[in-house]
Amino acid sequence: ESHVCVSKHNRPELTDSYTEDTWIKLRDAVSAIQNSTSIKYNLEELYQAVENLCSYKVSPVLYKQLRQVCEDHIQAQIHQFREYPSSSLDSLSFLKRMNRCWQDHCSQTIMIRSIFLFLDRTYILQNSLLPSIWDTGLELFRTHIVSDGAVQSRTVEGILEQIECERNGETVDRSLLRSLLGMLSDLQVYKDSFEQRFLTETNRLYAAEGQRLMQERDYLHHVSRRLEEENDRVISYLDQSTQKPLIATVEKQLLGEHMNAILQKGLWMLLDENRVCELTLLYELLSKVKGGLMTLLQAWRDYIKVHYVDSKLRAGNKEATEEELERILDKIMIIFRFIHGKDVFEAFYKKDLAKRLLVGKSASVDAEKSMLSKLKHECGAAFTSKLEGMFKDMELSKDIMIQFKQYMQNQSDPSNIELTVNILTMGYWPSYTPMDVHLPAEMVKLQEVFKIFYLGKHSGRKLQWQPTLGHAVLKTEFKEGKKELQVSLFQTLVLLMFNECDEYSVEEIRTATGIEDGELKRTLQSLACGKARVLNKMPRGKDVEDADRFHFNSDFTHKLFRIKINQIQMKETVSVASVQFILL
């Protein structure tokens, strides 16, 4: 947004002649802006003229005159659209002309407002019933251009036609669609003029497509691809409010309407052939549809009831793994009944469960919950309440992160770091010793952003960061090429130092990172003495001493692109993509 700054001048004496002459000068300037011709007058002079008129109490007249000039100009623009050829071949050029008209209108309104800024910020601002100059421009464009029945219909038809072309595999001008749909949104006619028509057309398209392609072998991959495409459209040019009804429409027509047929046709074949990827996709897709998982469960039950004898005969089949695991859990419970110190068992079980949940290494979530159910049945609800709370925390954390990512999309200064946070209720989880370390400024800033976000929704809660549980994925470049390193937060803090200098002593690293001495030496040992030696230690050796020095190993090579560097004697750490912090 631009505006003109001027110094104070002595105001001339107000006369009818001065007022008339000044308005003519301002009107000519507005006309020049609207017609994209050069302005004869100095912008500071024009700004000062507006201020003079406002100071002499002629603001109401000035506002009405300005509005009338703007309205006359916009009214004149409608003819180019009413007279435009109606051939379908001209629909794209019609959209381009509409977009050019809209872009010109916006830039002209900004320029006009910069000249009349004093009027906008005094008289108009003080009169709550009057729209601002910008809002007046939107109102006039909506009234005289977009609300014209024929023009609106042709604009929406053209947009829908372009989207249909893209759905059929053609390349379209997405920036044009983004601009026009943004116009409809800014003018507050998006839902009434476009969205309902769009969803109706979407419903019609996918209803026919579902009927036509449902029998295809790769139908599930087709559905997954369609969902990705529609989500991409929301990101690229549709209004965010359209996402939920749009995806619901696609899921209903491609999945919900054909759910039983999909299962009858393909589930047993997928199970017989142990096609895990397709089964995973089937589960993910049906979980999006109301009643989908219950329908899938019933079909799964029917399969088990019919293939039961065969599964006994095929003892080595992987499909029996879950059943074998269940039998193992039953045998564990038999031994458990003979344990007297069940509180000791519970402490160790909670510690190990916490690690499995945070690291994401559970063999089966169903098996975990099955074991929990068995413990609850054996010892009562009080025994498993904290363990159940751990599962609830993980599920709530996922929901919170979805909300946080949406929150970050609206931030004016987005971070280069993708942050994932697990919110752990202190009473449910094992005790972790807090440790203060020196985080990079960008991480600290991101922590504060999350803190503001979280406490804004949950006031009164106390947050405590747990750096001992943090992990990160770092992008690194060696002579061999680019790699990604999956490392703990402590390893991250050490490695980031080598962006600034090639070599450091142990003491320099300790001072810069604030990591406790024992933890620091284990961290350095993992980076310089393990299998993946991204740092070189001088002198060489298996142990880290205070006199050692470290430098970045630019000659490091590895066959994998993403390399996980295990922390030596890592006890309570988690491994996640991007940067993850744990909050208690």
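Residues numbered from 1 in each chain as written. Predicted model: local features only at pLDDT ≥ 70, side-chain atom pairs only at ≥ 80, totals over all residues. Heavy atoms only, no water.

**Section: the overall build of the protein chain**
And step 1. Within the protein chain one finds 22 helices and eight strands.
And step 2. Partitioning the intrachain contacts of the protein chain with sequence separation of at least 6 by distance along the chain shows that 72% fall at a separation of at least 24.
And step 3. Put simply, the protein chain shows about 32200 Å² of open surface, and 52% of that area lies on carbon and sulfur atoms. (Helix = DSSP H or I, 4+ residues; strand = E, 2+ residues; numbered from the N terminus. Contact = heavy atoms within 4.5 Å. Areas by Shrake-Rupley, 256 points an atom, 1.4 Å probe, with all protein chains shown as cover.)

**Observations regarding the nonpolar core**
And step 1. Leu26, Phe116, Leu119 and Phe194 are the most contacted members of the largest nonpolar core, which totals 88 residues.
And step 2. When residues no more than four places from it in sequence are discounted, the contact partners of Leu119 are Val50, Cys54, Ser59, Leu62, Tyr63, Leu66 and Ile124.
And step 3. Leu485, Leu495, Leu520 and Phe556 belong to the second largest nonpolar core, which has 32 residues in total. (Core = buried A, V, L, I, M, F, W, Y, C linked by side-chain atoms within 4.5 Å. Buried < 20%, exposed > 50% of the residue type's maximum accessible area, 1.4 Å probe, protein only.)

**A word on the packing of aromatic side chains**
And step 1. Within this structure, the stated rule accounts for 15 aromatic pairs.
And step 2. On the numbers, 6.2 Å between centres and 20 degrees between planes, the contact of Phe404 with Tyr407 is stacked. Taken together, the positions of Phe404 and Tyr407, both in helix H18 (residues 381-409) and three residues apart, correspond to about one turn of that helix.
And step 3. Arranged with centres 5.0 Å apart and planes meeting at 75 degrees, the rings of Phe404 and Phe450 form a pair that is edge-to-face. Here Phe404 is found in helix H18, whereas its partner Phe450 is found in helix H19 (residues 441-457), with 46 residues between them in sequence. Here Phe404 and Phe450 have matching classes, each one buried.
And step 4. Here a set of aromatic residues connected by ring pairs shows up, and it is made of Phe404, Tyr407, Phe450, Phe453, Tyr454 and Trp465. (Phe/Tyr/Trp six-rings, centres within 6.5 Å; stacked < 30°, edge-to-face > 60°.)

**Thoughts on a nonpolar patch on the surface**
And step 1. Among the surface-exposed residues, Met294, Leu297 and Trp300 lie close enough to one another that they form a single nonpolar patch of about 300 Å² accessible area.
And step 2. Along the polypeptide, Met294 turns up in helix H14 (residues 292-313). (Patch = residues over 30% accessible without salt bridge, like charges linked within 9 Å, V, L, I, M, F, W, Y side chains within 5 Å. Salt bridge = Lys/Arg side-chain N within 4 Å of Asp/Glu carboxyl O.)

**Digging into the packing of helix H7 (residues 149-167) against helix H9 (residues 190-213)**
Packed helix pairs are characterised by how far apart their axes lie and by the angle those axes make with each other.
And step 1. Two elements in contact, H7 and H9, have axes separated by 11 Å at closest approach and are oriented at 35 degrees. Relative to H9, the crossing made by H7 is right-handed. Contacts between H7 and H9 involve Gln152, Val156, Glu157, Ile159, Leu160, Ile163, Glu164 and Arg167 from the first element and Ser193, Phe194, Arg197, Phe198, Glu201, Thr202, Arg204, Leu205 and Tyr206 from the second.
And step 2. The residue makeup of the contact of H7 with H9, split by class, is eight nonpolar, three polar and six charged. (Axes fitted to C-alpha atoms, helices over the stretch in contact; angles between N-to-C directions. Left-handed = near helix turned anticlockwise from the far one by under 90°. Nonpolar A, V, L, I, M, F, W, Y, C, P; charged D, E, K, R; others polar.)

**Digging into the environment of Met390**
And step 1. Checked against the element boundaries, Met390 lands in helix H18.
And step 2. Looking at Met390, the relative accessible area reads 0%, which means it is buried.
And step 3. Note: C-alpha distance between Met390 and Leu358 (32 residues apart in sequence) is 9.9 Å.
And step 4. Beyond its immediate stretch of four places on either side in the chain, Met390 contacts Lys350, Leu353, Ala354, Leu357, Tyr428 and Trp429.

**Considerations on the pattern of salt bridges**
And step 1. Enumeration over the complete set of coordinates arrives at 31 salt bridges.
And step 2. For Lys191, the salt bridge is made with Glu195, and the minimal N-O distance between the two is 3.1 Å. Taken together, the positions of Lys191 and Glu195, both in helix H9 and four residues apart, correspond to about one turn of that helix.
And step 3. Taking relative accessible area as the criterion, Lys191 reaches 43% and is therefore assigned partly exposed.
And step 4. Judged by relative accessible area, which is 4%, Glu195 ranks as buried.

**Quick word on the side chain of Thr513**
And step 1. Mapping Thr513 onto the fold places it in helix H21 (residues 506-513).
And step 2. Residue Thr513 is classed as buried on the basis of its relative accessible area of 2%.
And step 3. One polar contact links the side chain of Thr513 to the main-chain carbonyl oxygen of Ile509, over a distance of 2.8 Å.
And step 4. In this structure the side chain of Thr513 is engaged in a polar contact, spanning 3.3 Å, whose partner is the backbone nitrogen of Ile515.
And step 5. The residues touching Thr513, leaving out its near neighbours within four places in the chain, are Val437, His438, Leu493, Val494, Met497 and Leu520. (Polar contact = N/O pair within 3.5 Å; in protein donor to acceptor, adjacent residues only side chain to side chain.)

**Digging into the sheet that holds strand E4 (residues 503-505)**
And step 1. Read across the open sheet, the three strands follow the order E4-E6-E5; overall the sheet is antiparallel. Each having just a single partner strand, E4 and strand E5 (535-538) make up the two edges of the open sheet. Averaged over neighbouring strand pairs, the angle between their axes works out to 25 degrees when direction is ignored.
And step 2. Relative to strand E6 (residues 549-552), E5 runs antiparallel, the two sharing four bridges. Residue Asn536 lies in a different strand from E6, and its bridge partner there is His551.
And step 3. Across the sheet, H21 is in contact with E4 and E6; its angle to E4 comes to roughly 90 degrees. (Pairing = 2+ DSSP bridges.)

**Thoughts on the side chain of Thr136**
And step 1. Among the structural elements, Thr136 can be located in helix H6 (residues 133-146).
And step 2. Given the relative accessible area of 6%, Thr136 is considered buried.
And step 3. Discounting chain neighbours no more than four positions away, the residues touching Thr136 are Tyr63, Arg67 and Pro131.

**Comments concerning the confidence of the model for the protein chain**
The predicted coordinates of low-pLDDT regions are not to be read in fine detail.
And step 1. Averaged over all residues, the pLDDT of the protein chain equals 84, while 90% of them reach at least 70.
And step 2. Per-element confidence in the protein chain ranges from a low mean pLDDT of 42 for strand E8 (residues 579-583) to a high of 96 for helix H8 (residues 174-186).
And step 3. Across residues 1-11 the pLDDT falls below 50, and counting only partners more than four positions away or on other chains, this stretch makes 22 contacts in the model. (pLDDT = per-residue confidence, 0-100.)

**Describing the packing of helix H4 (residues 91-115) against H7**
And step 1. Taken N-terminus to C-terminus, the directions of H4 and H7 make an angle of 115 degrees; their axes are 9 Å apart at the nearest point. Note on packing geometry: the crossing formed by H4 with H7 is left-handed. Contacts between H4 and H7 pair Ser91, Leu92, Phe94, Leu95 and Met98 from the former with Val151, Arg154, Thr155, Gly158, Ile159, Glu161 and Gln162 from the latter.
And step 2. For the contact of H4 with H7, a count of residues per class yields six nonpolar, four polar and two charged.

**As for H21**
Note: α-helices contain 3.6 residues per turn, so residues at a spacing of three or four share the same orientation.
And step 1. Regarding H21, the residues found buried are Val506, Ile509 and Thr513. Along the axis of H21, the buried positions cluster into a sector of 65 degrees, meaning they face one direction only.
And step 2. For H21, the elements touching its buried residues are helix H20 (489-497), E4, helix H22 (517-528) and E6.
And step 3. Just downstream of H21 lies Gly514, where phi reads positive at about 75 degrees. (Arc of directions from axis to C-beta.)

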